[in-house]
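# Structure at a glance
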Amino acid sequence: MTLHSSLIRPEIEGLPTYNAGLAAARFQATYGVPLRAKLDSNENPLGPSPAAIAAALAAAQGLGRYPDASGTALRTALADRLGASPDRIILGNGSEDLIGVIYRTVLRPGDHVVTLCPSFGLHEFAAQACGAGVTKVPFPADWRFPVAGLLAALEKGARVLIFSSPSNPAGPAITAADFARLIAGTPPDTLIVFDEAYVEYLDPEARFDALAMLESSGHAWISLRTFSKAYGLAGARVGYGIAHDAGLVAAMAKARNPFAVNAVAEAAALAALGDDGHLARGLALARSERRRVSAVLAALGVACAPSQTNFLFFDCGDTATGTAEMLRQHGILVKAWMEPPFGTHARVTMGTAEENDLFLGALRQIRESR
Ligand SMILES: *Cc1c(COP(=O)(O)O)cnc(C)c1O
């Protein structure tokens, strides 16, 4: 049966299908070789804290009841850590969910959103789904955040400025000076959405108190964070936002799925938050591996962007889909970037040292056989 052609909203019809990676279970069936290193989705190779798994199993006993829709226990724990009141914090089914919620709350058809290029796909697609136009400002060759370009794009009038720092997929983090210039120049009626999915991975010398700077800026803003990356809970789907005021959170709550975070996921996130030792081990691994792997790539003649994250964005020198496809034949998954002009780049997550060595060995072989 074919759908009547007028059924689908044109904004949705025009969207690309989201490139959500290949789940491990489907890999062998598709490629006929075992999956040896899954390095395409920025997951934590250590997985979650054992305390989070235990809490999830215990919470499963209560699956007969609806969860606490407001997620009070987790929001209160996060508020304590952040020094903000719980009514400024909103939970989502992953922070991806919250990106859509923010847009549904503020965007009108014909609105304008400004972001970076390369960018996290949903920053763009979820805006287009609401009928907004998106301007993407490219990173320059030195991978510094293009503050002047962003400010110029904002001059046309934008409802939302959204970007990630540290950046996915590129890896670098904005400096305090650039961040100060950017928020000082952003028009007062533009909502700043600061996606900090990788904030935990920052080197100490790259850290600054971005939330305090936003707080004193007088802007409307929301910062997004997640349990999917540093906390190793990608499968649980828990993210959160911290907003400038409770009013934005209350409005977003109306645009959100009321039970966005399930009871098992909330319990797992709460326990993960209490295991600083596990978090620190994962961060130390990602930091030392990104240094080591980028040095090996440089020795192979492969350029990559500076990284403050758990992944590297490297130049394949040729279409990235070709390299990614050859890596799959070796049982290795990376993410080929398909956003012009970065179509020769691929993103590789830092796995364990063994997984990263499998990636480096296969890449070396592929390059030598050219
Ligand atoms: C991974 C990621 C997210 C969110 O992931 P969730 O699993 O939905 O919490 C959000 N923004 C960026 C930039 C990411 O890389």
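Residues numbered from 1 in each chain as written. Predicted model: local features only at pLDDT ≥ 70, side-chain atom pairs only at ≥ 80, totals over all residues. Heavy atoms only, no water.

The cut-off we apply is this: UniProt positions are given in the numbering used here, feature names are shortened, and annotations may be inferred rather than shown by experiment.
By the naming in an unreviewed UniProt entry, the protein is Histidinol-phosphate aminotransferase, taken from Tabrizicola soli. Within the UniProt record for the protein, the comment given under Pathway (unreviewed entry) is "Amino-acid biosynthesis; L-histidine biosynthesis; L-histidine from 5-phospho-alpha-D-ribose 1-diphosphate: step 7/9." The Subunit (unreviewed entry) comment attached to the protein in UniProt states, word for word, "Homodimer."

## What about the environment of Ala 173?
The condition is simple: A run of H or I in DSSP becomes a helix once it reaches four residues, and a run of E becomes a strand once it reaches two; helices and strands are each numbered from the N terminus. When checking whether two residues touch, look at their non-hydrogen atoms; a contact exists if any pair is within 4.5 Å.
Its location among the elements puts Ala 173 in the loop between strand S5 (160-164) and helix H8 (176-185). Between the alpha carbons of Ala 173 and Ala 251 there is a distance of 30 Å; along the sequence they are 78 residues apart. Sequence-distant contacts of Ala 173, defined by excluding residues within four places in its chain, comprise Phe 145, Ser 165, Pro 166, Leu 202 and Gln 308.

## A word on the domain arrangement of the protein
This is how it is decided: Where each domain begins and ends follows an automated or database-derived domain assignment. Note: buried area is the sum, over both parts, of the accessible area (probe 1.4 Å) each one loses when the two are combined. We count a salt bridge whenever a side-chain nitrogen from Lys or Arg sits within 4 Å of a carboxyl oxygen from Asp or Glu.
The domain boundaries assigned to the protein delineate domain 1 (8-38 + 276-369) and domain 2 (50-273). Of note, the centres of domain 1 and domain 2, computed from C-alpha atoms alone, are 24 Å apart. Each partner contributes residues to the interface: domain 1 has 29 residues there, and domain 2 has 35 residues. Carbon and sulfur atoms make up 61% of the area that domain 1 and domain 2 hide from each other, which totals about 2,600 Å². Summed over the three residues of domain 1 that lose the most area to domain 2, namely Tyr 18, Gln 308 and Glu 339, the buried surface amounts to 23% of that side. Put simply, domain 1 and domain 2 have five salt bridges between them. For the salt bridge of Asp 276 with Arg 81, the shortest nitrogen-to-oxygen distance reads 3.3 Å.

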